[in-house]
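# Understanding the architecture of this molecule
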Protein chains: 2
Amino acid sequence: MEATQLAEQLKKNKTPCENLLKRRFFYTNSFEIYGGTAGLFDYGPPGCALKAQLENLWRQHFIVFDEMLEVSCPCITPYSVLKASGHVDRFTDLMVTDLVNGECYRADKYLEDVIESVLSTLKGKSVSDNVNAKNAALLKLGCEELEKLQNVVGNMTLEDVESFIRQHQITSPIGNELSKPFPFNLMFQTTIGPKKDQKGGVNSVVYLRPETAQGIFVNFNRLLESNGGKMPFAAAQIGLGFRNEISPRNGLLRVREFLMAEVEYFVHPEKKTHTRYHEFKHVELRLLPKDTQERGESTVVTMKVEDAVGNGVIANEALGYFLARTSLFLEKCGIMSQGLRFRQHMSDEMAHYACDCWDAEILTSYGWIEVVGHADRMAYDLKAHSQATNTQLTASQRYPEPITVEKVVPTYNRPLIGKTFKDKNAKVLQILDNMPQEESIKIENELNATGTAVIRSSDGHEFVVTRDMLSFKTVKSVQCEETFIPSVIEPSFGMGRLIYCILEHSYKVRPAQNQQEERTYVALKPQLAPTKCCLLPLSSKDVFNPLIAQIQRYLNSAGLSYKIDNTGASIGKRYARTDEIGIPFAITIDFQSVNDGTVTLRERDSMEQVRLSSEIVADIIADLIRGKSTWEDVTTAHPIFTQQEV
Amino acid sequence: MEATQLAEQLKKNKTPCENLLKRRFFYTNSFEIYGGTAGLFDYGPPGCALKAQLENLWRQHFIVFDEMLEVSCPCITPYSVLKASGHVDRFTDLMVTDLVNGECYRADKYLEDVIESVLSTLKGKSVSDNVNAKNAALLKLGCEELEKLQNVVGNMTLEDVESFIRQHQITSPIGNELSKPFPFNLMFQTTIGPKKDQKGGVNSVVYLRPETAQGIFVNFNRLLESNGGKMPFAAAQIGLGFRNEISPRNGLLRVREFLMAEVEYFVHPEKKTHTRYHEFKHVELRLLPKDTQERGESTVVTMKVEDAVGNGVIANEALGYFLARTSLFLEKCGIMSQGLRFRQHMSDEMAHYACDCWDAEILTSYGWIEVVGHADRMAYDLKAHSQATNTQLTASQRYPEPITVEKVVPTYNRPLIGKTFKDKNAKVLQILDNMPQEESIKIENELNATGTAVIRSSDGHEFVVTRDMLSFKTVKSVQCEETFIPSVIEPSFGMGRLIYCILEHSYKVRPAQNQQEERTYVALKPQLAPTKCCLLPLSSKDVFNPLIAQIQRYLNSAGLSYKIDNTGASIGKRYARTDEIGIPFAITIDFQSVNDGTVTLRERDSMEQVRLSSEIVADIIADLIRGKSTWEDVTTAHPIFTQQEV
């Protein structure tokens, strides 16, 4: 199936799929009985279990596999940390308000909607006098021009948005004048402790973190130490992020509180490699590089990691490694390959901290959705926190061979300096000790030329030094170790979005047959399935109870989650009910079971059944879930059973 | 070992244990490089992994075992929900402030501290002129009176605290006058959406949830439906809770953001039973009932669940069931039995929503700490949300036999009512339809006596009705089903506190011997251990690499987390390092391994080693962790190895 066919199918399934997810309580809008809160969602039993399984799978695939250092930091984050990281100033969306009624709109999404509705009018899909009257200026542009605008509106600057609104006389949905666009900070702000800071400062101002990454960066030194000082290494965090969206929509795809799973891979800035790269360099990736997009195209090209790294499409091995690992992970989750692409950010859409970024995008009924970001954050964050706290956040690494370096070092006449500067003595020495190389050479030249020079402290004090107080000399030294601020490669997963994508990709329809109506099911991979099996006695008669209790004990001891359905519904109806919540295996207990202790085991996707001993059924399911055996192995080893289904 | 001995040992270990936990980055104060934020903690790699394992163990023990319905709701919670639940009005601590410098103190803890320091002075432990001068009034009371006060100060009302401060002339730590006590709400407050609510209302006010329970209550109807309408059932949630503590302290024991794991068991208010009660009624519990405490005693009594329920110490079977399950869980976690007790709340310390409460308290170096609450919340929450939203939150259950009930029902003259009340017609009918039984009888009697009667709407409107409009009649009906608001039994775990208690209970010291110094280790149960094993090549020589890579693959495929330590340190030092972070098993690769593919496997607590094939070592560790085999089984099946350790 091609991506275009998949897109059509997902769109066709959208409404029945979302109805099923709601009906079976995969998720729902939060605080429903209070009218609901936009952008907040509750995961019900199947959704919540899927989330827990996904978290475990992620931990296995990334953290355990690569011996990453996992941390868990609070959501509440002080002002100073997010000021340094740039989020206080730059974690914003542009907003416009209706100048009459005060309604707020996220500028880019609002303009996209306006353009979309004008386009619909032009294409004759919807004819609305309202749209026509309000958007006379836009209508004149014509389809081609509007479609171009639609693609760039998301990356417009404040000035661009302002002039766009003025030029095309864009109004609010009810025709009122719009405010000038202004940045709206998306962080939730609150205060910590019993009182507001009385010094007029910001010590009690805290935010809910917009990403989990900062908790890792501020712990860099402890993490490096935990890793025995060895570079490179990766740290990871699974936890909540928050974003006070101006106008949340599209269900789980744009929400205000979300589970993230982030890796920060710390690596030498000039040697961005990974020790296990060779194991994954043959993985094929579906790429949409920025060059392609800048040509206005969207054709995906399939390339091996090593080829993409080799020809410079992917900047370095480390980035290639993580793109490959992400691709394999998404495959494990049941994302269809033709519904996955890695799209490189264009230079005008990058976050403030990144120099290169590849998004894993998944095709959904809402179009291509960004689910995993892979950013090269360089040393941006470590530098920012280092400066803000005067703490060194560096790593060091032995050179393969010791190297010789030239360094300018001062020689002092300490008694004279002490006598001259008295209590400022230490300060002067500190300035001189920390003077950048070029500055030292300049001072040395000045002293040679004029006999005096002026040095400055960071807080603006000036001191006059003389030739007889000091001289700078260039010395050679042998160095075995290099000290550097590591670069960071960051794969960052939006787990809520991924859950939604997995559900859309797993939603299946069984055509109507044998007088049964069409039935839908959720073909979740057994490892991710919310409940691993269900236990169905043929009827609710007491005669089945001892065997049910025994199988329950087997399932408990194998650590398998299960559901018992002993309602009076027909066995076919009960299978359909378990299929809807993605339960991969069903154990059916019939009258033969009572006599000989055998049960039947049914697999959800094939609907095949085998007959086997109730004593081994739990272990067989456990092996299937762990991937130690396949359903084919089971059907080979045990007799196929055909009776109950019909 | 007795509880008193354990208490001494824990106190003795306190400082070295906390040093180890900090040094090996189990946890640390958050945002340390920014000076740290009080009451917030980061879990480093071993702490974070322990937390993840504990979460999984809890999910297995509670959710999977009892087929509970797990949900996951947001931390951000609207004003209206927490207003209804009582938290906006009553989730407070009493605070006092220094009237001169504005410093804030949590009243109960501050008074406890003041009394403690006066007691120390009286007992000659510390002699401080400062204490003496400030607390002249308290000093006069004497030790016995002060010790009594110390126990009640935590449960004092606002008025009690106020008069206590006045009567004993309590001042701030630096001798300034204190404010009157006032309630301080402990919820973090923020606003959601782009603008403050313009109607002057509270629609944009949200809080960070103080407990996860409310998310379950507001979803009651969906959960009941997910359970096929069947009662009783349990729902559960693992997630963050927040509490803006006035003065956080004691490390992980009093924090501002914490992981909770809560069960809400919905049950018939007059039949508080549990279907699996019989499986656990023989479990022995260490109880400290309220009667004992009210006599001023603290002797723990050991009792079987069925006896405690039988003699009324524990109010009902459901509560007994969960106390037993919690006790077994804490044992699985490695909590020592003499360091565990279940303390019943006295009537003056209960939360606003509870009618009975038992805390699982664990002995630590800080004394007995509440780690799990078991509250009988009755129908408090469901009633509150039902009233606030006009939504029915009820369950129904078939009677064993249909019963006959009498009911008063109205008969109307609809045309006359319609003609009389016109557009108020529907309102009048609504009042009459929903009239309580006694009220209906009263109206009927009035109509009989005077021919007219007055009925009132909930918003205060009055309507005069007459005899010819309606009459009430008593009819008999047969009912098969009873509708009721369920009661809730709630076990609520503070996971951060539990982690700290597990670490204190697992901290062990190996006496010095064989010229080695005393060594400490963390004897975490294998199932909870942050890392399951370590891989130690005898040296960092390349010859070991192929075997390391092969064992890595085995460990990956068994899903086991591991650490490789190929530093040059002696094998004994490396064992000590892994013992400190609680790694239960070590695989050592020596020169014999290179020849015959065998390795040694070492168990942390016994320090015993066996020699076995590298091909089976991962599976053997996996079985040990899952509890499928014991270390004894392993030492029986494989030859003991003694060489490397010495």
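Here the structure is a predicted model, which means the values were calculated and not measured.

Quick notes on the rules
- Residues numbered from 1 in each chain as written.
- Chains lettered and ligands numbered in written order.
- Predicted model: local features only at pLDDT ≥ 70, side-chain atom pairs only at ≥ 80, totals over all residues.
- Heavy atoms only, no water.
- Helix = DSSP H or I, 4+ residues; strand = E, 2+ residues; numbered from the N terminus.
- Buried < 20%, exposed > 50% of the residue type's maximum accessible area, 1.4 Å probe, protein only.
- Contact = heavy atoms within 4.5 Å.
- Areas by Shrake-Rupley, 256 points an atom, 1.4 Å probe, with all protein chains shown as cover.
- Lys, Arg positive; Asp, Glu negative; His and termini not counted.
- Charge placed at Lys NZ, Arg CZ, Asp CG, Glu CD.
- Least-squares fit on C-alpha atoms with pLDDT ≥ 70 in both.
- Buried area = accessible area lost by both parts, 1.4 Å probe.
- Salt bridge = Lys/Arg side-chain N within 4 Å of Asp/Glu carboxyl O.
- Polar contact = N/O pair within 3.5 Å; in protein donor to acceptor, adjacent residues only side chain to side chain.
- Pairing = 2+ DSSP bridges.
- Axes fitted to C-alpha atoms, helices over the stretch in contact; angles between N-to-C directions.
- Patch = residues over 30% accessible without salt bridge, like charges linked within 9 Å, V, L, I, M, F, W, Y side chains within 5 Å.
- pLDDT = per-residue confidence, 0-100.
- Left-handed = near helix turned anticlockwise from the far one by under 90°.
- Nonpolar A, V, L, I, M, F, W, Y, C, P; charged D, E, K, R; others polar.
- Core = buried A, V, L, I, M, F, W, Y, C linked by side-chain atoms within 4.5 Å.
- Expected span 1.5 Å × (residues − 1).
- Parallel < 35°, antiparallel > 145°, perpendicular 65-115°, else oblique.
- Phe/Tyr/Trp six-rings, centres within 6.5 Å; stacked < 30°, edge-to-face > 60°.
- Right-handed = clockwise from strand over helix to strand, strands pointing away.

## Details of the overall build of chain A
Scanning chain A for helices and strands turns up 25 helices and 29 strands. Projected onto its principal axes, the C-alpha coordinates of chain A cover approximately 105 × 65 × 55 Å. Relative to its 646 residues, chain A shows a buried fraction of 55%. Intrachain contacts of chain A at a sequence separation of at least 6 include 67% that bridge at least 24 residues. When the accessible surface of chain A is totalled, it reaches about 28,300 Å², and 49% of it is carbon and sulfur. Charge-centre separation for chain A: the mean point of 72 positive side chains lies 3 Å from the mean point of 82 negative side chains.

## Quick look at the relation of the copies chain A and chain B
Note on the copies: chain A fits chain B at an RMSD of 0.2 Å, the axial shift is 0.0 Å, and the rotation between them is 180°. The transformation relating the two chain copies, once decomposed into turn and shift, fits a two-fold axis. It is Thr190 of chain A whose C-alpha, among those of chain A, lies nearest the rotation axis, at 2.6 Å. When you check the interface residues of chain A against chain B, 100% turn up at the interface there too, and the contact is symmetric in its surfaces.

## Quick word on the interface of chain A and chain B
Counting residues at the interface gives 85 residues for chain A, matched by 86 residues for chain B. If you sort the residues of chain A by the area they bury against chain B, Ile33, Tyr34 and Arg222 of chain A come out on top, with a joint share of 11%. Where chain A packs against chain B, one counts two salt bridges. Here Glu32 of chain A makes a salt bridge to Arg222 of chain B, at a shortest N to O gap of 2.8 Å. At the surface where chain A touches chain B, the tally comes to 26 residue pairs in polar contact (both at pLDDT 80 or more). It is helix α2 (residues 45-64) of chain A that contributes the most residues to the side of chain A that touches chain B, eight residues altogether.

## Considerations on helix α22 (residues 571-580) of chain B
Residues and elements named next belong to chain B. Of all 10 residues in α22, eight are buried, a share of seventy percent or more. Of all the positions in α22, only Ile571, Gly572, Arg574, Tyr575, Ala576, Thr578, Asp579 and Glu580 are classed as buried. Positioned one or two residues after α22, Gly582 has a phi angle of 75°, which is positive.

## Remarks on the sheet that holds strand β27 (residues 598-603) of chain B
Pairing between the strands of a sheet is mediated by backbone hydrogen bonds and can be parallel or antiparallel. All names here are of chain B. The sheet built from six strands is open, its strands ordered β25-β24-β26-β27-β28-β29 with mixed pairing. The two strands at the open ends of the sheet, each matched to only one other strand, are β25 (562-564) and β29 (640-641). Bridge analysis of strand β26 (residues 585-589) against β27 gives four bridges, and the strand direction is antiparallel. Considered in β27, the bridge of Ile587 is made with Leu601. Of the strands in this sheet, β24 (533-537), β25, β26 and β27 are in contact with helix α21 (residues 545-557), which crosses β24 at around 170°.

## A word on a nonpolar patch on the surface
Taken together, Leu538, Val543, Phe591 and Val594 of chain A make up a surface patch of nonpolar side chains, about 300 Å² in accessible area. Relative to the helices and strands, Val543 of chain A resides in the loop between β24 (533-537) and α21 (545-557).

## Brief notes about the confidence of the model for chain A
Residue-level pLDDT values for chain A average 91, and 97% of them are 70 or greater. Overall fold confidence (pTM) sits at 0.89, and the ipTM for the predicted complex is 0.88.

## Some words on the environment of Val372 of chain A
All names here are of chain A. Inspection of the secondary structure puts Val372 in strand β16 (residues 367-378). Judged by its relative accessible area of 0%, Val372 is buried. With 105 residues separating them along the chain, Val372 and Val267 place their C-alpha atoms 20 Å apart.

## Considerations on the packing of helix α2 (residues 45-64) of chain B against helix α15 (residues 317-332) of chain B
All names here are of chain B. Between α2 and α15, the least distance of the axes is 11 Å, while the angle of their chain directions is 145°. Handedness of the α2/α15 crossing: right-handed. Where α2 abuts α15, its residues Leu54, Leu57, Trp58, His61 and Phe62 lie against Arg325, Thr326, Leu328, Phe329 and Lys332. Residue composition of the contact of α2 with α15, by class: six nonpolar, two polar and two charged.

## Here's the deal with the side chain of Thr391 of chain B
Within the element layout of this structure, Thr391 of chain B appears in the loop between α16 (380-389) and β17 (395-412). Here Thr389 of chain B takes part through its side chain, which lies 2.8 Å from a polar atom of the side chain of Thr391 of chain B. With near-sequence residues (within four places) excluded, Thr391 of chain B lies in contact with Ile33 of chain A together with Asn221 and Ser386 of chain B.

## Describing the pattern of salt bridges
Residues and elements named next belong to chain A. Scanning the model with the defined rule gives 71 salt bridges over all chains in all. The partner of Lys83 in a salt bridge is Asp89, with the nearest N and O atoms 3.0 Å apart. Taking the relative accessible area as the measure of exposure, Asp89 reaches 45% and is therefore partly exposed. Here the residues in one salt-bridge network are Asp93, Arg106, Asp108, Arg243, Glu245 and Arg254, joined through shared partners.

## Topic: the nonpolar core
Membership of the largest hydrophobic core comes to 184 residues, with the highest contact counts inside it found for Trp58 and Leu498 of chain A together with Trp58 and Leu498 of chain B. Ignoring any residue separated from it by four or fewer positions in sequence, one finds Leu498 of chain A in contact with Leu54, Phe329, Leu330, Cys333, Ile335, Ile362, Val371 and Phe493 of chain A. The next biggest cluster of nonpolar side chains, apart from the first, holds 26 residues, and it includes Ile551, Leu555, Leu560 and Val610 of chain B.

## Some points on α21 of chain A
All names here are of chain A. The terminal C-alpha atoms of α21 lie 18 Å apart, and with 13 residues this matches the ideal 18 Å at 1.5 Å per residue to within 8%. Those residues of α21 that sit buried are Leu547, Ile548, Ile551, Gln552, Leu555 and Asn556. Of the residues trailing α21, Gly559 is marked for its positive phi of about 70°.

## Focus: the packing of helix α5 (residues 107-122) of chain B against helix α8 (residues 143-152) of chain B
To characterise two packed helices, one gives the angle between the axes of the helices and the distance between these axes. Residues and elements named next belong to chain B. One can describe the packing of α5 onto α8 by two numbers: an axis separation of 10 Å at closest approach and a directional angle of 155°. In terms of their interaxial angle, α5 and α8 are classed as roughly antiparallel. Seen from above, α5 lies across α8 with left-handed handedness. Residues Glu112, Ile115, Glu116, Val118, Leu119 and Leu122 of α5 pack against Cys143, Leu146, Glu147, Leu149 and Gln150 of α8. For the contact of α5 with α8, the per-class residue count stands at seven nonpolar, one polar and three charged.

## Thoughts on the packing of aromatic side chains
Residues and elements named next belong to chain B. This model, assessed by the stated rule, comprises 40 aromatic pairs over all chains. With a centroid separation of 5.6 Å and an interplanar angle of 80°, the aromatic rings of Phe280 and Tyr321 are classed as edge-to-face. Placement of Phe280 in helix α12 (residues 277-280) and of Tyr321 in helix α15 is noted, with a sequence separation of 41 residues between them. For Phe280, a relative accessible area of 10% puts it in the buried group.

## Re the side chain of Arg574 of chain B
Residues and elements named next belong to chain B. Looking at the element boundaries, Arg574 is found in helix α22. For the buried residue Arg574, which engages in no salt bridge, the nearest side chain bearing the opposite charge is Asp565, 4.7 Å off. Beyond its immediate sequence surroundings of up to four residues, Arg574 is in contact with Leu536, Pro537, Leu538, Ser539, Asp565, Asn566, Thr567 and Ala569.

## Quick look at the sheet that holds strand β8 (residues 189-191) of chain B
All names here are of chain B. Across the sheet, which stays open at both edges, the three strands sit in the order β4-β9-β8 with antiparallel pairing between neighbours. Among the strands making up the open sheet, the edge pair consists of β4 (76-78) and β8. Strand-to-strand twist of the sheet, defined as the mean angle between neighbouring strand axes without regard to direction, takes the value 45°. Bridging between β8 and strand β9 (residues 205-208) involves three bridges; their strand directions are antiparallel. Pairing of Thr191 across the sheet is with Val205, part of β9.

## Overview of the pairing of β24 of chain B
Residue and element names in this part refer to chain B. With respect to burial, β24 is a largely interior element, five of its five residues being buried. Residues Cys533, Leu535 and Pro537 line one face of β24 and the alternating positions Cys534 and Leu536 line the opposite face, and both faces are buried. Direction of pairing for β24 relative to β25: parallel, over a ladder of three bridges. Paired with Cys533 across the strands is Tyr562, a residue of β25. Crossover handedness for the path β24 to α21 to β25: right-handed. Where β24 meets β26, five bridges bridge the pair, whose relative direction is parallel. Counted as the bridge partner of Pro537 is Ile589 from β26.

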